[in-house]
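# Observations on chain architecture
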Amino acid sequence: MQRALLLARAGMGSTSPNPSAGCVLIKDGKVIGEGTTQPPGGPHAERVALAEAGEAARGATMYVTLEPHSHQGRTPPCTRAIIEAGVAEVHVAAIDPNPRTHGKGVAELRAAGVRVSVGEGAREAERIIEGFARWITTGLPLVQVKYAMSLDGKIATRSGDARWISGAESRQWVHALRRQVDAIMVGANTARRDDPLLTARDEAGGALPRQPLRVVVDSDASLAAGAQMLRQPGKTLVAAATDAPAAAVAGLRAAGAEVALLPRAGGGQGPAGPQISAKGKHAGGGVDLTALLRLLGQREVTNVLVEGGGELVASLLAQGLADKVHAFIAPVLIGGRDAPSPVSGAGVERLSQAVRLRDIETARYGDDMLISGYVVR
């Protein structure tokens, strides 16, 4: 199963909106076939492994990270292929969260006389497909928040200098995560101040063929038409309010950006207090973030990485829309009462109202410490 999980991890970022799965076929103690789910429209991991094994699959044991699907989707049911190939035993790590298959694949295999066991490697398998699981059950993408801050909780100096708080190893980890997600999101202030590329790059720094969608939450369509991200491979979506200046919207579209016009959040009041528009002014609230995430879900975006700024992160947390947090802490002290922090907004009044994380994991990258966890709801 560990080999199957390794194959599934290798496929992350290339299979969306389908989940990445890995499959290994064993017979007489030897691997006779293995596979990873291919991009949409291509075969699933089970069919890749079965094709490699050929007739040798009869009587073999299969290890697969995700329950074989039993419904007709972009590809025929994998359960049918397993049964027809004569596989004798199947070890399934995780049950498919898709309601169309959930438990039905295992039931169909057992009904055909295939021995099935479930649960080996389940936790890791579920982590691999967590974006798909969130999307297929709610219609919304998994939202991961990532930031790097100093030991005293700053993401930039008082002048806005933020390059680089974290080290090279941390940035390599971020690019690995970018390769796995469908979209990278930032707020308008971050886009204007940092003028980021927001691209997924390989270890040599080259842009990859597959680029996540770049999303700028920009109520007033204030992103500069000359922004670097608009000249990068891939697409940029600017989420603006329906009352954004028409000339600004037209200018961004002419520069190559897609502009989605969305309602503002009702009345500007969120669970944690007033929301702040792209320019930091109270203007009836910023873009309705739930509407934006719903739009992304409709576009089959299953996993979003949010990379700032503080107002956007605060709004996502306050509205219960953030699912996971990755915080890099660098051993540097910045200071300054005007230096920005990773989470802004109005904040909470009582510590009991603070957002807390569960299932905490820590790791070290160079001199930086990474703390990751899931938001407690």
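Anything mentioned here points back to the structure above.
I will try to describe carefully the structure that is included in this document. (Residues numbered from 1 in each chain as written. Predicted model: local features only at pLDDT ≥ 70, side-chain atom pairs only at ≥ 80, totals over all residues. Heavy atoms only, no water.)

## Looking at the layout of surface pockets
When its volume is computed, the largest pocket comes out at roughly 960 Å³. Along its surface, the largest pocket is lined by 36 residues, and Lys146, Trp164, Arg171, Arg178 and Glu307 are the ones closest to its centre. Here the element with the most residues in the lining of the largest pocket is helix H7 (residues 168-178); it accounts for 7 residues. Of the residues assigned to the lining of the largest pocket, the class counts are 14 nonpolar, 10 polar and 12 charged. If you add up the space inside the second largest pocket, you get close to 820 Å³. Looking at the second largest pocket, it is lined by 38 residues, and the ones nearest its centre are Met12, Arg127, Glu130, Gln180 and Lys324. Among the elements of the structure, helix H1 (2-10), helix H5 (122-128), helix H6 (130-138), H7, strand E14 (324-330), strand E15 (357-365) and strand E16 (368-375) are those that each provide at least two residues to the lining of the second largest pocket. For the lining of the second largest pocket, the leading source of residues is E15, giving 5 residues. Taken together, the residues that form the lining of the second largest pocket break down as 16 nonpolar, 14 polar and 8 charged. (1 Å grid on protein atoms, 1.4 Å probe; cavity = no way out; pocket = protein on both sides within 12 Å on 5 of 7 lines; lining within 4 Å. Points joined across faces, edges and corners; volume = space filled by probe spheres on them. Helix = DSSP H or I, 4+ residues; strand = E, 2+ residues; numbered from the N terminus. Nonpolar A, V, L, I, M, F, W, Y, C, P; charged D, E, K, R; others polar.)

## Let's talk about the sheet that holds strand E1 (residues 22-27)
Across the sheet, 5 strands lie side by side as E2-E1-E3-E4-E5; this open sheet has mixed pairing. Of all strands in the sheet, those with a lone pairing partner are strand E2 (30-36) and strand E5 (115-118), marking the two edges. Strand after strand, the sheet turns through a mean of 15° between neighbouring axes, direction not considered. With 5 bridges connecting them, strand E3 (residues 61-66) and strand E4 (residues 89-94) associate as parallel partners. Residue pairing across strands places tyrosine 63 opposite histidine 91, the latter belonging to E4. Across the sheet, H1 lies against E1, E2 and E3, angled at about 150° from E1, the strand it touches most. (Pairing = 2+ DSSP bridges. Axes fitted to C-alpha atoms, helices over the stretch in contact; angles between N-to-C directions. Contact = heavy atoms within 4.5 Å.)

## Observations concerning the nonpolar core
Leu25, Leu50, Met62, Ile82, Val87 and Val90 are the most contacted members of the largest nonpolar core, which has 34 residues in total. Elements that contribute at least two residues to this core include exactly H1, E1, helix H2 (45-53), E3, helix H3 (78-85), E4, helix H4 (104-111) and H5. In contact with leucine 25, not counting residues within four places along its chain, are Lys30, Val31, Ile32, Gly33, Ala49, Leu50, Ala53, Ala57, Ala60, Thr61, Met62 and Val87. Residues Met185, Ala260, Leu296 and Val313 belong to the second largest nonpolar core, which totals 32 residues. (Core = buried A, V, L, I, M, F, W, Y, C linked by side-chain atoms within 4.5 Å. Buried < 20%, exposed > 50% of the residue type's maximum accessible area, 1.4 Å probe, protein only.)

## Quick look at the packing of H2 against H3
Contact geometry for H2 and H3: axes closest at 9 Å, N-to-C directions at 25°. One element, H2, and the other, H3, form an angle in the roughly parallel class. Like other packed secondary-structure pairs, H2 and H3 cross with a definite hand, here left-handed. Facing H2, whose interface residues are Glu46, Arg47 and Leu50, H3 presents Cys78, Ala81, Ile82 and Ala85. (Parallel < 35°, antiparallel > 145°, perpendicular 65-115°, else oblique. Left-handed = near helix turned anticlockwise from the far one by under 90°.)

## Comments concerning helix H11 (residues 310-318)
Counting buried residues along H11, 7 of its 9 residues qualify, which places the element largely inside the surrounding structure. Buried within H11 we find Gly310, Leu312, Val313, Ala314, Ser315, Leu316 and Leu317. In this structure, the buried residues of H11 make contact with strand E6 (142-150), strand E7 (183-187), strand E8 (213-217), helix H10 (289-298), strand E13 (303-306) and E16.

## Notes on a nonpolar patch on the surface
A contiguous nonpolar surface patch, about 230 Å² in accessible area, is contributed by Val355, Leu357 and Ile360. Within the secondary structure, valine 355 is located in the loop between E14 and E15. (Patch = residues over 30% accessible without salt bridge, like charges linked within 9 Å, V, L, I, M, F, W, Y side chains within 5 Å. Areas by Shrake-Rupley, 256 points an atom, 1.4 Å probe, with all protein chains shown as cover. Salt bridge = Lys/Arg side-chain N within 4 Å of Asp/Glu carboxyl O.)

## Here's the deal with the sheet that holds E16
Taken in spatial order, the 9 strands of this open sheet run E10-E9-E8-E7-E13-E6-E14-E16-E15, and their pairing is mixed. What marks the edges here is a single partner per strand, and that holds for strand E10 (258-262) and E15. Strand-to-strand twist in this sheet, taken as the mean axis angle between neighbours without regard to direction, amounts to 20°. Pairing between E7 and E8: 5 bridges, direction parallel. The partner of glycine 187 across the bridge, within E8, is valine 217. Docked against the sheet, H6 engages E6, E13, E14 and E16, running at close to 135° with respect to E6. The strands touched by H10 are E6, E7, E8, strand E9 (236-241), E10 and E13; relative to E8, the strand with the most contacts, the crossing angle is about 165°.

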